[in-house]
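# Descriptive structure summary
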Amino acid sequence: MKRTAILLLGSLVTAAACAGPQAEQAAVTTEAATEKTLGVRPNGDTEIAPDLSLVKSEELKQVYTYIDEHIDEHVTNLQKWIQQPSISNSGEGIPESAEMVKGFFEQLGCQESRVYDVGTTEWGAQGNPVVYARCDEGAEKTLVVYWMYDTMPVTQPDVWISPPFEGRLVEQAPFKKVLIGRGATNSKGPQMSQLNALMSIKAVTGKLPVNVIFVAEGDEERMDIGLRKFMMEHADLFKGADAMWGDGGQSPSGRGGVSEGNSEGCVYVEITTSGTRWGRGPTVSDIHGGNKRSVDSPAWRHIQAISSLISADGNTAKIAGFYDEAVQPTAAQLKAYAAQAESFDVEEAARNLGVARFISDKPADILRDRNWISFNLDGIWGGNMYAGGAGAILPNKITSKHNIRYVPNMRGPDLVEKMKKQLVKNGYPDVEVKIIGDVPWRVGKLAGELPDAQYRALEIMQIPHNRPKENEVLTGGYWPAYLFGAEYAINIPISNAGAGYGGNAHAANEFYVIEGAGKVYGMAGAEKTLATVLYNYAGKN
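As the structure is a prediction and not an experimental result, all values here were calculated from the model. Note on numbering: residues in each chain are counted from 1, in written sequence order. Note on the predicted model: pLDDT of at least 70 is required for a residue's local features to be given, and 80 or more for side-chain atom pairs to be given and counted; whole-chain, interface and lining totals, by contrast, use all residues. Hydrogen atoms and water are omitted, and side-chain values are computed over all heavy atoms in the structure.

### Some thoughts on the overall build of the protein
The number of helices and strands found in the protein is 15 helices and 21 strands. We compute the radius of gyration over the C-alpha atoms and compare it with the globule rule, which gives 2.2 Å times the number of residues raised to the power 0.38. Its C-alpha radius of gyration of 24 Å places the protein within 12% of the 24 Å reference for a compact globule of 541 residues. Viewed in the frame of its principal axes, the protein has a C-alpha envelope of about 80 × 55 × 45 Å. Burial classes: relative accessible area under 20% of the type maximum marks a residue as buried, over 50% as exposed, and values in between as partly exposed (1.4 Å probe, protein chains only). In the protein, which comprises 541 residues, the share counted as buried stands at 54%. Any two residues whose heavy atoms approach within 4.5 Å at even a single point are treated as in contact. Considering only contacts within the protein whose residues lie at least 6 apart along the sequence, 79% involve residues at least 24 apart. Counted as positive: Lys and Arg. Counted as negative: Asp and Glu, with His and the chain ends omitted from the count. A charged residue contributes its charge at one atom only: NZ of Lys, CZ of Arg, CG of Asp or CD of Glu. Of the side chains in the protein, 52 bear a positive and 65 a negative charge, and the two mean positions are spaced by 3 Å. Segments assigned H or I by DSSP are reported as helices when at least four residues long, segments assigned E as strands when at least two residues long, and all are numbered from the N terminus.

So, in structure tokens, the structure goes:
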């Protein structure tokens, strides 16, 4: 079979679509002899490699070879995706990104690939488009793949070592090549590795070993408001799905694992204090700051109001009944934290995160806190927002954003109602609290055949890992797992595992490892791991 190297050109995919299928094919297909331009070493400086004695499928070995031979094009695919901004909170690049992702799925050969306009969502905001695709290979098994194509905005461009939408490759010890860019690890890097793996399988064999249903949202950083509406209205599009296949990754030390795709809960609110509702201070617009001598300040009132909801150290909510429904960590969970703490380097973890220190200096406490409850102040604005300089302003309105992370059996809307009542009790009945979105928690267990296929892939790739013990259930960071593995929309098993590493999500200099080192795989290793999972799951290896 003649192999072709697939280069995902993004904007060319969209442009070619207007010219018909033949033009699209020409726009996105290049010969395998494409000259290398990046010089990426597939194996980098890794100390581990696939154990080929465990790989029984000759096809899979050919896929490994294909990935190695075309890793430059695969990295270029990621660079081109990074170069397309997709900032959900501002809307920048969202329509173009949705079409770009649709083009990815069309190029993969999905018979159906469509962009859905979800309209107005539950809490009043317009949702961003959802991309749905179905690749029917006539296979026995069907997997659902969830993507997010949106990213966070860039809030501190001067701190980046390279432009956030360039996708530059730089050295970052111990890795010779990492890709710097907004969305690199959250989540375009892992997702492009997944797509590259699928495209490599098709290039070698002509078809995928399983059927795949894709759903890609543009609102993950907006509390999944569009996806929530889409899933509840279109659950029928997922009929016949056996499980959700998540990609996963490795820790900085190279450890991997298989997770249940569990999620903490998170409710996001805006709190606003205005002179109009208060009946004091400016009521129509901001006024000259010199008027403070005789006019009350909604801004100072706002600071006092939100301060009344939290302890002096900012770590405990002072809201009546706030923690009442929270399920305390189980003995099994506490034991798991203690076990993980044995290999947890507090100073290194703080350095990697870019913080001076954690709330606690004890590793087990830090791990427990990461799975507990928080009430954060994400941002605050009003009045003179220009850095440096001066300008006397007395704002008529000030707003702050807050994310509240919660655990079973708490409910986001209930927490917001308790917050409103507390503000009234504290003397701030005029202060408004608006829900932006809510992502309920999800707790499930590994089930079905996919987890075993993933564990076997980790063994083949020689990635250090442990199997979770019975009753050891940990929640992860919030994501819309509840829409796929609970009773809200569809309810199928979720299982996440993979290879590769990235960091600085939501922060400056977000990165994804291209050339691995030590026990951490780069992009080629991540792709091989995902391809191996599919072959194992399909019973072909």
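Back to the text.
### Here's the deal with helix α13 (residues 412–425)
To estimate how far a helix should reach, multiply one less than its number of residues by 1.5 Å. With 14 residues, α13 should reach 20 Å at 1.5 Å per residue; the first-to-last C-alpha distance of 20 Å fits that figure. Those residues of α13 lying buried are Gly-412, Leu-415, Val-416, Lys-418, Met-419, Gln-422 and Leu-423. Across the axial projection of α13, the buried residues extend over an arc of 160 degrees, all falling on one side. Opposite its buried face, α13 presents the exposed residues Lys-421, Val-424 and Lys-425, each directed more than 90 degrees away. Along its buried surface, α13 packs onto β11 (265–274), α9 (298–307), β13 (374–375), β16 (397–406) and β17 (432–439). Just downstream of α13, Gly-427 is the residue with a positive phi angle, here 100 degrees. By arc we mean the arc of the directions from the helix axis to the C-beta atoms, nothing more.

### Let's talk about the state of the cysteines
Among covalent bonds in proteins, the disulfide is the one between the sulfur atoms of two cysteines. Here, two cysteine sulfur atoms that lie within 2.5 Å of each other are counted as a disulfide. For the structure shown, the criterion picks out 1 disulfide. Each disulfide pairs two cysteine sulfurs, and for Cys-110 the partner residue is Cys-135, the sulfurs being separated by 1.7 Å. Of the two residues, Cys-110 sits in the loop between α5 (94–108) and β4 (112–116) while Cys-135 sits in strand β5 (residues 130–135), which places them 25 residues apart along the sequence. Across this residue pair, the class does not change: Cys-110 and Cys-135 are buried.

### Here's the deal with the pairing of strand β8 (residues 175–180)
With 5 of 6 residues buried, β8 lies mostly within the body of the structure. When DSSP finds two or more bridges between a pair of strands, those strands are recorded as paired. In this structure, strand β7 (residues 168–172) lies alongside β8, joined through 4 bridges in antiparallel fashion. For Val-170, the partnering residue across the bridge sits in β8 and is Val-178. Between β7 and β8, which pair antiparallel in sequence order, lie 2 residues. Summarising the sheet, β8 and strand β20 (residues 511–515) pair through 4 bridges and their orientation is antiparallel.

### Examining the packing of aromatic side chains
One pair of aromatic rings is described through two measures. These are the centre distance and the angle between the planes. Working definition: a ring pair exists when centres of Phe, Tyr or Trp rings (six-membered ring for Trp) sit within 6.5 Å. Plane angles under 30 degrees give stacked, over 60 give edge-to-face, the rest tilted. Under the definition given, this model contains 15 aromatic pairs. Between Tyr-146 and Phe-484 the ring centres are 5.9 Å apart and the planes differ by 55 degrees, which places this aromatic pair in the tilted class. Remark: Phe-484 occurs in the loop between α14 (450–460) and β18 (494–496) and Tyr-146 occurs in strand β6 (residues 142–148); sequence separation between them is 338 residues. Of the two residues, Tyr-146 and Phe-484, both sit in the buried class. Measuring from centroid to centroid gives 6.0 Å for Trp-147 and Phe-214, while their planes differ by 70 degrees, and the two rings are edge-to-face. Here the residue Trp-147 occupies a position in strand β6, and Phe-214 occupies one in strand β9 (residues 211–217), the gap between them amounting to 67 residues. A relative accessible area of 1% means that Phe-214 is categorised as buried. The criterion for a charge sitting over a ring is simple: Lys NZ or Arg CZ within 6 Å of the ring centre, and within 35 degrees of the ring normal. A cation over an aromatic ring shows up here: Arg-114 above the ring of Tyr-116, its NZ or CZ 4.0 Å from the ring centre.

### So, the environment of Phe-175
Looking at the secondary structure, you find Phe-175 in strand β8. Residue Phe-175 is classed as buried on the basis of its relative accessible area of 6%. With residues up to four places along the chain from it excluded, the contact list for Phe-175 reads Tyr-501, Val-513, Glu-515, Gly-516, Ala-517 and Val-520.

### Brief notes about the packing of helix α3 (residues 58–69) against helix α4 (residues 71–82)
Note on method: axes are straight lines fitted to C-alpha atoms, helices fitted across the in-contact stretch only, with angles between N-to-C directions ranging 0 to 180 degrees. Direction vectors running N to C along α3 and α4 enclose 65 degrees, while the axes themselves pass 5 Å from each other. The angle between α3 and α4 places the two elements in the roughly perpendicular class. For the pair α3 and α4, the contacting residues are Tyr-66, Ile-67, Asp-68 and Glu-69 in the first and Ile-71, Glu-73 and His-74 in the second. By the definition adopted for this analysis, an angle is roughly parallel if under 35 degrees, roughly antiparallel if over 145, roughly perpendicular if from 65 to 115, and oblique otherwise.

### What to know about the side chain of Asp-219
Mapped onto the elements of the fold, Asp-219 is located in the loop between β9 and α7 (225–233). The buried category is assigned to Asp-219, whose relative accessible area is 0%. Within the structure, Asp-219 has its side chain in polar contact with the backbone nitrogen of Asn-128 (distance 2.7 Å). Whenever a nitrogen or oxygen atom comes within 3.5 Å of another N or O atom, the pair is scored as a polar contact, on the condition that within protein one atom can donate a hydrogen and the other can accept it, and that pairs from neighbouring residues in sequence are kept only if both atoms are in side chains.

### A short note on the sheet that holds strand β19 (residues 502–503)
The strand order across the open sheet built from 4 strands is β7-β8-β20-β19, with neighbouring strands paired in antiparallel fashion. Only two strands of the sheet have a single partner each, and these edge strands are β7 and β19. Where helix α6 (residues 184–205) meets the sheet, it contacts β8, β19 and β20, and its direction lies at approximately 35 degrees from that of β20.

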